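Descriptive analysis of the structure
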Amino acid sequence: MTQTVELPLWAFVLILLFAAVTFASHFLFPSVRWFFRRRLERAVARLNQRLERPIEPFKLARRYDMIQRLIYDPQVAQAVSDHAAAKGIPENVAFEEARRYAREIVPSFSAFTYFSFAIRAARLLSNAIYRVRLGSYDEGLLKAIDRDATVVFVMNHRSNMDYVLVTYLVAKRSALSYAVGEWARVWPLSRLIRAMGAYFIRRKSQNALYRAVLAAYVRLATRAGVTQAMFPEGGLSLTGAMAPPKHGLLKYIVDGSAEVGKDVVFVPVALNYDRVLEDKILIRAAQTGDRRFRARIGAVMLRLLRQFWLWVTGRYQHAGQAAVSFGRPLSVSELPQTSREDRARMLSTELMRRIGEVVPVLPVPMVSYLLLQRGAMSEAALLQALRDTVARMPLASIHLPEHAHDAAIQSAILQMRRRKLIRTSGGVVTPDRSQIDMLRYYANSIAHLVPAALEPPSETEVISATAKENSASAGS
């Protein structure tokens, strides 16, 4: 026992390393985790006192525990058995497939990341790119929502900036759990999005086992009262107008509320922009019929660096206004007692209608609308047309200063001329014939709000109207 043992130096170092790791894992790490866990719990308790809707324990649970809970859900277990039988594979193989789906879906929410980093970054980014406007909303209606109910914010989907804007504007109410599509599954963005509590979904997956795992997660979150945010359209609008709603996620939420008798209140949210950062990509996708565009993190970073350089050199310019409006909340308990499928369909239709009611009217969409309707106009005629059109929209969420319509016109003309959407000469504003699709894209965002629904003229009609206006201007 007291004999000397000789070891090579590398073996001695390896033994010390294993001993240190074993000591840390058995004695140090649990104590450190407990210490930081207690600090986190106290910080969340203080934070919950400021929030209208506190952070639910469900969101703070360990990700590993949530994955285990999800894959052992009775409905998931049945789906695993059915999938194994349908595919002719062992159940343990199907079970591992379900576990992989659960790992893909379940977020890893960090209150520190969300409230200390994400919200500040969202506020900085939103105000750096746009002049942010908070549109119409009834504070009393939002505060009257039952605190025991699950709240789901449902939004029209114009841009990936939607996530940023709504996160920033709802920061004082609650932490949102977004349903995020495939575009965000790119490193390192995916890790940040998971830490913010978002869960990834495969929008077009027809795999029954995957749908069962996703449905189980949404049901669990709904029962736990997690404040959620989703886009009923299922993807970005390619035309600028609101797309027909999909009701898959809504059905899962309705199912989750029905199983435990928990009320769910949906809050419609409408967004609009003077400039959508992805407009060219979306219009091209509409023309080709291919929605399979993904985030290229390199291209995004280069664009951000370019904008930062413009800011440093004093040449940076805002992309105009971005506005968010809140509509009338809708409770699941208000729906007729029909089948869950029918309730989800009725719910999605009504929510899209309420979102449409409060879409903000901004300068660039309005000028685009008028130029498509009437062709080239003098600035004075454009101003009068704007006043006449706004007068016919008494219930719309107008973001045009009532006594400064001329300033709104000038702001829109400046932005549109900078982007080469229009030409100005001798006080006449002329739509560029090569940019008709772009003008139609912005006009479509408010078309449904004008009493006479927008029927954008063909390119030939716009060119003809433009030529007539130019001739009249030259003759005078």
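No experiment lies behind these values; they were computed from the predicted model shown. (Residues numbered from 1 in each chain as written. Predicted model: local features only at pLDDT ≥ 70, side-chain atom pairs only at ≥ 80, totals over all residues. Heavy atoms only, no water.)

Quick look at the overall build of the protein chain
From N to C terminus, the protein chain includes 19 helices and 13 strands. Relative to its 476 residues, the protein chain shows a buried fraction of 48%. Just so you have it, the protein chain exposes about 24,500 Å², and 58% of that area is on carbon and sulfur atoms. (Helix = DSSP H or I, 4+ residues; strand = E, 2+ residues; numbered from the N terminus. Buried < 20%, exposed > 50% of the residue type's maximum accessible area, 1.4 Å probe, protein only. Areas by Shrake-Rupley, 256 points an atom, 1.4 Å probe, with all protein chains shown as cover.)

Remarks on a nonpolar patch on the surface
A cluster of nonpolar side chains, Val-5, Leu-7, Leu-9, Phe-12, Val-13, Ile-15 and Leu-16, forms an exposed patch at the surface whose accessible area comes to about 710 Å². Mapped onto the elements of the fold, Leu-9 is located in helix α1 (residues 9-50). (Patch = residues over 30% accessible without salt bridge, like charges linked within 9 Å, V, L, I, M, F, W, Y side chains within 5 Å. Salt bridge = Lys/Arg side-chain N within 4 Å of Asp/Glu carboxyl O.)

Points about the pairing of strand β12 (residues 422-425)
Here 4 bridges tie β12 to strand β13 (residues 428-431), and the two strands are oriented antiparallel to one another. When the sheet's bridge partners are listed, Arg-423 is paired in β13 with Thr-430. Hairpin connection of β12 to β13: 2 residues between the antiparallel strands, including Gly-426 at a positive phi of 60 degrees. (Pairing = 2+ DSSP bridges.)

Here we look at empty space enclosed by the protein
One pass over the full model with this rule turns up 3 cavities of 30 Å³ or more. By volume, the largest cavity is sized at about 110 Å³. For the largest cavity, the lining is made up of 14 residues, of which Phe-58, Lys-59, Met-66, Pro-107 and Tyr-217 are closest to its centre. Only α2 (57-60) and α3 (63-71) provide two or more residues apiece to the lining of the largest cavity. (1 Å grid on protein atoms, 1.4 Å probe; cavity = no way out; pocket = protein on both sides within 12 Å on 5 of 7 lines; lining within 4 Å. Points joined across faces, edges and corners; volume = space filled by probe spheres on them.)

With respect to the pattern of salt bridges
Per the counting criterion, the structure on display carries 13 salt bridges. For the salt bridge of Lys-251 with Asp-255, the shortest nitrogen-to-oxygen distance reads 3.1 Å. Note that Lys-251 and Asp-255 are positioned in helix α11 (residues 248-260) at a spacing of 4 residues, about one turn of the helix. For Asp-255, a relative accessible area of 8% translates into the label buried. A salt bridge links Arg-423 to Asp-432, with the shortest nitrogen-to-oxygen separation between them at 3.8 Å.

Digging into the confidence of the model for the protein chain
Where the model shows low pLDDT, its predicted coordinates should not be examined in detail. Per-residue pLDDT for the protein chain has a mean of 81; in total, 83% of the residues score no lower than 70. Summarising per-element confidence for the protein chain, the mean pLDDT is lowest in helix α19 (residues 459-475) (48) and highest in helix α18 (residues 436-447) (95). Below pLDDT 50 for its whole length, residues 453-463 participates in 20 contacts with residues either more than four positions away or in separate chains. (pLDDT = per-residue confidence, 0-100. Contact = heavy atoms within 4.5 Å.)

What about the nonpolar core?
Nonpolar side chains in soluble globular proteins tend to be buried together. If you look at the biggest cluster of nonpolar residues, it comprises 135 residues, and the most contacted ones within it are Phe-266 and Met-366. Not counting the four nearest positions on each side in its chain, Phe-266 is found in contact with Val-152, Val-154, Leu-250, Ile-253, Arg-328, Pro-329, Leu-330, Val-332, Leu-347 and Leu-351. (Core = buried A, V, L, I, M, F, W, Y, C linked by side-chain atoms within 4.5 Å.)

Examining the packing of aromatic side chains
Taken as a whole, this structure holds 10 aromatic pairs when the rule is applied. Residues Phe-109 and Tyr-114 carry aromatic rings whose centres are separated by 5.9 Å and whose planes lie at 50 degrees to one another, so their mutual orientation is tilted. Measuring from ring centre to ring centre gives 5.2 Å for Tyr-130 and Tyr-273, while their planes differ by 50 degrees; the resulting arrangement is tilted. Taken as a pair, Tyr-130 in the loop between α6 (111-129) and β1 (131-134) and Tyr-273 in strand β6 (residues 264-273) lie far apart in primary sequence, 143 residues in all. According to the relative accessible area criterion, Tyr-130 is buried, its value standing at 1%. Using a relative accessible area of 0% as the deciding quantity, one classes Tyr-273 as buried. The cationic tip of Arg-100 hangs over the ring face of Tyr-101; the distance from NZ or CZ to the ring centre is 5.6 Å. The ring of Tyr-210 carries the charged tip of Arg-202 above its face, separated from the ring centre by 5.3 Å. (Phe/Tyr/Trp six-rings, centres within 6.5 Å; stacked < 30°, edge-to-face > 60°. Lys NZ or Arg CZ within 6 Å of the ring centre and 35° of its normal.)

Some words on α18
Compared with an ideal rise of 1.5 Å per residue, which puts 12 residues at 16 Å, α18 spans 15 Å between its outermost C-alpha atoms and is within 8% of the ideal. The buried fraction of α18 is high, at 10 of 12 residues. (Expected span 1.5 Å × (residues − 1).)

Looking at the packing of helix α16 (residues 379-391) against helix α17 (residues 405-418)
A pair of packed helices can be characterised by two numbers: the angle between their axes and the separation between those axes. Two numbers describe how α16 lies on α17: the axes approach to 10 Å, and their chain directions differ by 120 degrees. Classified by chirality, the crossing of α17 by α16 is right-handed. Contacts between α16 and α17 involve Glu-379, Leu-382, Leu-383, Leu-386 and Arg-387 on the former and, on the latter, His-405, Asp-406, Ile-409, Gln-410 and Ile-413. Partitioned by chemical class, the residues of the contact of α16 with α17 number 5 nonpolar, 2 polar and 3 charged. (Axes fitted to C-alpha atoms, helices over the stretch in contact; angles between N-to-C directions. Left-handed = near helix turned anticlockwise from the far one by under 90°. Nonpolar A, V, L, I, M, F, W, Y, C, P; charged D, E, K, R; others polar.)

Re helix α14 (residues 340-357)
For α14, built from 18 residues, the straight-helix expectation of 26 Å at 1.5 Å per residue is met to within 8% by its first-to-last C-alpha distance of 26 Å. By the burial criterion, the buried members of α14 are Arg-343, Ala-344, Leu-347, Ser-348, Leu-351, Met-352, Arg-354, Ile-355 and Gly-356.

A short note on the pairing of strand β3 (residues 177-180)
Judged by which residues are buried, β3 turns out to be covered on both faces: Ser-177 and Ala-179 on one side and Tyr-178 and Val-180 on the other are all buried. Looking at chain direction, β3 and strand β5 (residues 228-230) are connected through 2 bridges and run parallel. Counted as the bridge partner of Tyr-178 is Ala-229 from β5. Bridge count for β3 against strand β4 (residues 199-200) is 2 bridges, and the pairing is parallel. By the bridge assignment, Val-180 is partnered in β4 with Phe-200.

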